[in-house]
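Here is how the chains run, residue by residue.
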Amino acid sequence: MEEKQNLNFLEEIIEEGLREGTYKSILTRFPPEPNGYLHIGHAKSICLNFGLAKKYGGKTNLRFDDTNPVKEDTEYVDSIQQDIRWLGFEWAGVHYASDYFEQLYEWAVMLIKKGLAYVDDQTQEEIRAGRGTVTEPGKNSPYRDRTVEENLDLFERMRNGEFEDGSKVLRAKIDMAHPNMQFRDPIMYRILHAEHHRTGNKWCIYPMYDYAHGQSDSIEHITHSICTLEFDIHRPLYDWFIAQLSIWPSHQYEFARLNINYTVMSKRKLLQLVKEHYVSGWDDPRMPTICGFRRRGYTAESIRNFCEDIGVAKRDNIIDYVRLENSLRDHLNQVAPRRMAVLDPVRVVIDNYPEEQEEWLDAVNNPENPADGTRKVPFSRELYIEREDFMEVAPKKYFRLSLGREVRLRYAYFVTAQSVEKDAEGNITCIRCTYDPATRGGDAPDGRKVKGTLHWVSAKHAIDAEVRLFDRLFAVESPDDVEEGKTFLDNLNPDSLRVVTAKCEPSLAEARMGVDDKGIPEPARYQFERMGYFCTDPDSTPEHLVFNRSCTLKDSWAKIK
RNA sequence: UGUCCAUUGGUGUAAUGGUAGCACAUCUGACUCUGGAUCAGCCAGUCUAGGUUCGAGUCCUGGAUGGACAACCA
C-alpha cells in the first residue's frame, strides 16, 4: 500500500525529467546578488533549491550573481554564506558570475560575428525612448546596422577602456517591435569603470543579468534554474541566448516569492531601514532577515519547517505572520527549558510565612521532555508576581489572583490574596497574602482545585535582566500599500521595541550565548513560563543579562479580555 | 490597452477527466500545576458565461479580477 504523495509543480517537473531520462540527476543553484543580507524570502528559495536537490539525490551550487560592481560588496558574500550554513545547507561548489566574464566576453564576440549583437552609441534616454512602450513598438537604433567588423572593433575597445561610462553598450539584435519588451534589443554589456569586489579593475564592461545568468547556469550544467515569478517574462530571452550560442541547455522555472503580512521584503527597503537607523542593523531582531531571525531566537529548524509548511506554487501569496511564530513555538516547545521570570513585577508578601525561612523547591525543566530533569527554585516570604496576574476585583473569567481568591504559585504553594497596599497615585505596591503550608509543591492534600497557576520569583533571590520585548516592525498588514505622499516608513510600528527590567529566578544567571557546530553564535533559549520564548542577546554579559523575546505564548486569556 | 503568468474555504496548499482533501487561523468541548502543550469536534471553497464529455476544479472558447514586463538593477 503505497502512500499517495502530493508533489508540488517543481517536483512534478523533476520527476518527469528523471523518468524520461532528460537528465540522470539534478543540479540546482542559489544565485544571490551580494548586495544585501538574505531575508526570509531567500530562505524559501534556499530551502527549495537545496531541498529539491537533496530529495532527488542531486546537488546545489552557490553562485554569486556579481555583475554589478557598484552595488556589491564582500561584506555581503560573507554574510550570505554564513546564513545559508546556519540554515543547515551546504553547497556543492561556490561560484561567481564574475568567474565567467572571459567566457561571456568570447560568446558576445561570437554573437557579434553571427550578426546578432551590435554596439549602440545612443544615450540612455535615446535607448529608452527607442524601446517604445508596452503597447507601441520601438524603433531601430541608427547604429543597429553597423558591420560586424566595426562592432568587433568597437566592442574590443569598450573592453580596453577607450570609452566613458554610458557612452556605448552592446545590444542583442533581435526585434524592436517584439510584443515581449525583453526582446527589444536587450542590452548585454554596459561600460562601468568601477572596481569589482573580486575582479578589481580588470574589467570596465560588465554583462547584464539577462546575458549572464542563463549562460552561467549553462556553464555549470544547472538542470533547474529556479527563480521567482517576475523572471517569467525573461525566460524566452534566457532560452534565446542559450539557443544562439548552442550551449548546454539549462532551463528556468518560476515560483511565487514569499510575502508575509506586517513586513516588507524588498532588499532596497530593508537597506533603507538599516541606513536610516529605523533599526539597529541588518540583524536587528525585528528585521525579516535571516540574521535578524537568528538574533531574535528563531531556530534554523523552525525556519526550514516554515518553508516546508507554506508550500510552493505559482500564484501570488501572503502568508500570515503567525505561521512563522507557530513554527518557532512548535520547535521551542519541545526543546526550550522552562524558567520563571517576572517582566512587570509587583511585590507579594506572604504574611503567615516565617520571616527568615527559605525553601528550595523542585521545578520541572521541560514538561514536554522529562529527561531534562528538574532544578531547584528558592521560595521565601517576599516574592514578585506579574502585575497583570492580580486584580482587586476580578471578572468571572479571570482565573488569576484577586482579593479573597486562592491560586497556585507554580511548584510552590496555594496562596490567597488578603489585602493590597497602594502609593499616593493609587498604584498597587504590595499584595499581602496568606499561604497554605499543606500545599507545598503545588498540590492540595484535600484534593481542592484552583483555577489559576502563576509564575513568581523570590524577591531576595531574584536577579535582574534587561528584556527586550519585540513586536511586529510594522503596524499594518500591508506596509507597502500607502496613500499618496506616504511611504512604507509611515507604517512603522512605534511600539515595536519595549525594554523592561525583569526579575528572574537565580538559575538564569548562567544564561550564556554559545556557538553552533559551524561556529556561528547561538543563543541560549528558554521559555519564561506563561510569558513566551526568550533568548540571550549578543549584548548579554554575565554582569548584565540581556534577553530577547522571540515570541509570546498563545494567550487565550488575551482573547477573552 | 500589447505580451506573459495566475485564480480552489479567512490564509496557504492538494486533487494529473471519476467521492473537492490537508494544514494554519477562527469557534466548541475535553484535559492540564503554564489561560501553554495535547486531544476531539464545528464552520467554511472550485472567479464567471458558454462548450466538449457518461462525467469538468481539471480540457476548449470568451469575459472578469490580480500580478509581471517599457533599469546601462538582479
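Our structure is the block above this text.
Residues numbered from 1 in each chain as written. Chains lettered and ligands numbered in written order. Predicted model: local features only at pLDDT ≥ 70, side-chain atom pairs only at ≥ 80, totals over all residues. Heavy atoms only, no water.

K.L.:
Could you give an account of the sheet that holds strand β18 (residues 406–409), naming the residues involved and the relevant values?
P.N.:
If you trace the seven strands from one edge of the open sheet to the other, you get β21-β18-β19-β20-β12-β15-β22, paired in mixed fashion. Single-partner strands in this sheet number two, and they are β21 (453–454) and β22 (456–458). Two strands pair when backbone bridges link them, and β18 and strand β19 (residues 414–422) are joined in this way by three bridges, in the antiparallel orientation. Paired with R408 across the two strands is F414, which belongs to β19. (Pairing = 2+ DSSP bridges. Helix = DSSP H or I, 4+ residues; strand = E, 2+ residues; numbered from the N terminus.)

K.L.:
Give a description of the packing of aromatic side chains that names residues and reports values.
P.N.:
Evaluated as defined, the whole model comprises 26 aromatic pairs. Here a set of aromatic residues connected by ring pairs shows up, and it is made of F101, Y105, F155, Y189, W203, Y206, Y211, W240 and F241. Here the basic side chain of K451 rests over the ring of F399, its NZ or CZ set 4.5 Å away from the ring centre. For R472, the ring lying beneath its charged end belongs to Y262, and the centroid distance is 3.7 Å. (Phe/Tyr/Trp six-rings, centres within 6.5 Å; stacked < 30°, edge-to-face > 60°. Lys NZ or Arg CZ within 6 Å of the ring centre and 35° of its normal.)

K.L.:
Outline the pattern of salt bridges, listing residues and values.
P.N.:
Following the criterion strictly, the structure yields 49 salt bridges and no others. Ionic pairing is found between D145 and K173, a salt bridge with its closest N-O pair at 3.6 Å. Here D145, found in the loop between α5 (124–130) and α6 (148–159), pairs with K173, found in the loop between β5 (169–172) and β6 (187–191); they are 28 residues apart in sequence, far enough to count as distant. Between D517 and K518 there is a salt bridge, with the nearest N and O atoms lying 3.4 Å from each other. By relative accessible area, which is 70% here, D517 ends up exposed. Residues joined in a network through salt bridges with shared partners are D283, R295, E466, R468, D537 and D539. (Salt bridge = Lys/Arg side-chain N within 4 Å of Asp/Glu carboxyl O. Buried < 20%, exposed > 50% of the residue type's maximum accessible area, 1.4 Å probe, protein only.)

K.L.:
Report on empty space enclosed by the protein, specifying residues and quantitative values.
P.N.:
Enumeration according to the criterion identifies two cavities of 30 Å³ or more in this entry. Each pocket or cavity is described by its volume, and for the largest cavity that value is around 100 Å³. T263, R286, P288, Y321 and L473 are the residues nearest the centre of the largest cavity, which is lined by 15 residues in total. Tallied by class, residues from the lining of the largest cavity come to ten nonpolar, one polar and four charged. Approximately 50 Å³ is the volume attributed to the second largest cavity. Residue lining of the second largest cavity: M340, V377, P378, W456, V457, S458, H461, A462, C504, E505 and P506, and that is the complete set. (1 Å grid on protein atoms, 1.4 Å probe; cavity = no way out; pocket = protein on both sides within 12 Å on 5 of 7 lines; lining within 4 Å. Points joined across faces, edges and corners; volume = space filled by probe spheres on them. Nonpolar A, V, L, I, M, F, W, Y, C, P; charged D, E, K, R; others polar.)

K.L.:
Give a detailed account of unusual backbone geometry, specifying residues and quantitative values.
P.N.:
One non-glycine residue with positive phi stands out, namely H221, at about 60°. Within the secondary structure, H221 sits in the loop between α7 (209–220) and β8 (224–228). The phi dihedral of Y411 falls on the positive side, at around 65°, and the residue is not glycine. Relative to the assigned elements, Y411 resides in the loop between β18 and β19. Owing to a relative accessible area of 12%, Y411 belongs among the buried residues under this scheme.

K.L.:
Tell me what's going on with the sheet that holds strand β7 (residues 205–207), and back it up with residues and numbers.
P.N.:
Spatial ordering of the open sheet is given by β4-β5-β6-β7, a layout of four strands whose pairing is antiparallel. A strand with exactly one partner marks an edge of an open sheet, and here the two such strands are β4 (117–120) and β7. Mean inter-strand twist for the sheet, computed between neighbouring axes without regard to direction, equals 20°. Inspection of the sheet shows β4 paired to β5 by four bridges, in the antiparallel sense. In the sheet register, V119 faces β5, and the bridge partner there is L170. (Axes fitted to C-alpha atoms, helices over the stretch in contact; angles between N-to-C directions.)

K.L.:
For the pairing of β8, give the residues involved together with the corresponding values.
P.N.:
Of all the five residues making up β8, five are buried; the element is thus mostly covered by neighbouring parts of the structure. Burial along β8 is two-sided: H224, I226 and T228 facing one way and S225 and C227 facing the other are all buried. For β8 and strand β9 (residues 251–255), the ladder comprises five bridges, and the chain directions are parallel. The residue of β9 that forms the bridge with I226 is Y253. Once the chain exits β8 it traverses helix α8 (residues 235–245) before rejoining the sheet at β9, and the crossover so formed is right-handed. (Right-handed = clockwise from strand over helix to strand, strands pointing away.)

K.L.:
Can you break down the packing of helix α4 (residues 101–113) against α6 residue by residue, with the values?
P.N.:
Contact pair α4 / α6: the axes reach a minimum separation of 9 Å and the direction vectors enclose 160°. It follows from the interaxial angle that α4 and α6 lie roughly antiparallel. Considering how the two elements wind past one another, α4 and α6 form a crossing that is right-handed. Of the residues in α6, those touching α4 at E102, Y105, A108, V109, I112 and K113 are V148, N151, L152, F155, E156 and R159. Of the residues in the contact of α4 with α6, the class split is seven nonpolar, one polar and four charged. (Parallel < 35°, antiparallel > 145°, perpendicular 65-115°, else oblique. Left-handed = near helix turned anticlockwise from the far one by under 90°. Contact = heavy atoms within 4.5 Å.)

K.L.:
Just give me the short version of the packing of α4 against α8, but keep the residues and values in it.
P.N.:
For any two helices packed against each other, the geometry is given by the interaxial angle and the distance between the axes. Two elements in contact, α4 and α8, have axes separated by 10 Å at closest approach and are oriented at 80°. With respect to their mutual orientation, α4 and α8 come out roughly perpendicular. In this structure, α4 uses W107, M110 and L111 to contact α8, whose residues at the interface are F241, Q244 and L245. Within the contact of α4 with α8, the residues separate by chemical class into five nonpolar, one polar and no charged.

K.L.:
Report on helix α9 (residues 267–275), specifying residues and quantitative values.
P.N.:
Buried residues of α9: K269, L270, Q272, L273 and V274, and no others. H277 sits one or two residues past α9 and shows a positive phi near 60°.

K.L.:
Hey, could you go over the layout of surface pockets for me, with residue numbers and the actual values?
P.N.:
A volume near 1,200 Å³ is recorded for the largest pocket. Forming the walls of the largest pocket are 45 residues, and the residues nearest its centre are E33, Y209, E230, F231 and K267. When contributions to the lining of the largest pocket are tallied by element, the ones reaching two or more residues are β1 (27–30), α2 (40–55), β6, α7, β8 and α9. If you tally residues by element for the lining of the largest pocket, the top one is α9, at four residues. Along the lines of polarity and charge, the residues of the lining of the largest pocket split into 18 nonpolar, 13 polar and 14 charged. With five residues, the single largest contributor to the lining of the second largest pocket is helix α13 (residues 556–560).

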